[in-house]
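# Understanding the architecture of this molecule
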Amino acid sequence: MVVARDYKSFTEVRDGLKGTIGFVPTMGALHEGHLSLIRRAREENDHVIVSIFVNPTQFLEGEDLDKYPRREEADRKICELAGVDLLYMPTTDQIYEEDELCIGAPKIRGYILEGAKRPGHFDGMLQVVMKLLNLSRADRAYFGKKDAQQLALIEQMVRNYFMKTEIVPCEIVRDADGLALSSRNLYLSDEERRRALSLSRALKKAGKLIQGGERKSEVIRSVMTGVLEPEVTKLEYVAIVNRKFQPLEEVVPGETIILVAAWVGKTRLIDNLWV
Ligand code: PAF
């Protein structure tokens, strides 16, 4: 595995990779969720590129940019063992220049739910993902369904800008107790972790209601809220939308995503269920 830290060395190695490229962009602190993306990229392509870059432009003022977990050495080993060919770990000045040309999130889909709670987050996320897709010139790029809105916006960016990379959505990976894997889980104390399980529990309950024939979003949301509110510090939203992120009054199986965002202590968590 080659580790590149600047554009020139990255491009030199990238240019030498013949065959198909699978790409997994990450912000590091790699866990089983990232590994499942890397494994899938490994299975479906001749070469795998991973990037680790804690992208400052997708963090809002006062968010956890400074304390976001950084585990360079452990991440490097994980990538090596997983059969990654090229690991890109750039510094910020290798990615950004001052007074950049910027792309922006769409005015509706980019400013609801996560976009409403974290205005500007998706602009920065899309900016860096476009750069990384252009740099890697990947045939396929792998993203987890846990960041469902991020995934939808990346798919839209690729469509709207006629980019050639195929975006591959990958299933959410959970711990045995149901907690969706996230680098931010590292912030949780034991007690907070127990309370954080209410997110997956609420989604599971929604799934059961739907299996039992319930379709009314209002009923499902109210049951979920009942599970979440006693446990979380602050419930930000429970939303039931279609794959285009338009709100649904009734669940349509095969076309629905149920999303939840909540604070547990000082940690903001998201989770979702594709129905
Ligand atoms: O999901 C993430 O880890 C980040 O948003 C991404 C896609 C690597 C862009 O910084």
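Heads up: the structure comes first, above all this text.
Attention in this report is confined to the structure presented alongside it. (Residues numbered from 1 in each chain as written. Predicted model: local features only at pLDDT ≥ 70, side-chain atom pairs only at ≥ 80, totals over all residues. Heavy atoms only, no water.)

### Brief notes about the sheet that holds strand β8 (residues 256-264)
- Sheet architecture is open: three strands sit in the order β7-β8-β9, paired in antiparallel fashion. Here the strands that pair on one side only, and so sit at the sheet edges, are β7 (234-242) and β9 (267-274). Averaged over neighbouring strand pairs, the angle between their axes works out to 10° when direction is ignored.
- Here helix α9 (residues 217-228) sits on the sheet and contacts β7 and β8; the angle it forms with β7, its principal contact strand, is near 155°. (Pairing = 2+ DSSP bridges. Helix = DSSP H or I, 4+ residues; strand = E, 2+ residues; numbered from the N terminus. Axes fitted to C-alpha atoms, helices over the stretch in contact; angles between N-to-C directions. Contact = heavy atoms within 4.5 Å.)

### Quick word on the environment of V251
- Within the fold, V251 resides in the loop between β7 and β8.
- Relative accessible area serves as the criterion here: at 4%, V251 is assigned to the buried category.
- Distance from V251 to N55, taken between C-alpha atoms, is 35 Å for residues 196 residues apart in sequence. (Buried < 20%, exposed > 50% of the residue type's maximum accessible area, 1.4 Å probe, protein only.)

### Observations concerning the sheet that holds strand β6 (residues 166-170)
- An order of β1-β4-β3-β2-β5-β6 is seen for the six strands of this open sheet, with the pairing classed as parallel. Pairing within the sheet leaves two strands with one partner each, and these edge strands are β1 (2-4) and β6. Ignoring which end each strand starts from, the neighbouring axes of this sheet average 25° apart.
- Bridging between strand β5 (residues 140-144) and β6 involves five bridges; their strand directions are parallel. The residue of β6 that forms the bridge with R140 is E166.
- Against the sheet, helix α1 (residues 7-16) makes contact with β1, β2 (21-26), β3 (47-52) and β4 (86-88), and its axis sits at roughly 160° relative to β4, the strand it touches most.
- Those strands touched by helix α7 (residues 148-160) are β5 and β6, and its axis lies near 165° from that of β6.

### A closer look at the site of the ligand
- Surrounding the ligand, one finds P25, T26, M27, N55, Q58, M125, V128, V129, F143, D147 and Q150.
- Residue Q58 places a side-chain N or O atom 2.6 Å away from an oxygen atom belonging to the ligand.
- Between the ligand and the protein, one listed contact pairs an oxygen atom with a side-chain N or O atom of Q150 at 2.7 Å.
- Relative to its free-state accessible area of 290 Å², the ligand is covered by the protein chains to the extent of 88%.
- At the level of secondary structure, the elements contributing two or more residues to the shell around the ligand comprise β2 and α6 (121-136).
- Tallying contributions element by element places α6 first for the shell around the ligand, with three residues.
- Its residues assigned to classes, the shell around the ligand shows six nonpolar, four polar and one charged. (Near = heavy atom within 4 Å. Polar contact = N/O pair within 3.5 Å; in protein donor to acceptor, adjacent residues only side chain to side chain. Areas by Shrake-Rupley, 256 points an atom, 1.4 Å probe, with all protein chains shown as cover. Nonpolar A, V, L, I, M, F, W, Y, C, P; charged D, E, K, R; others polar.)

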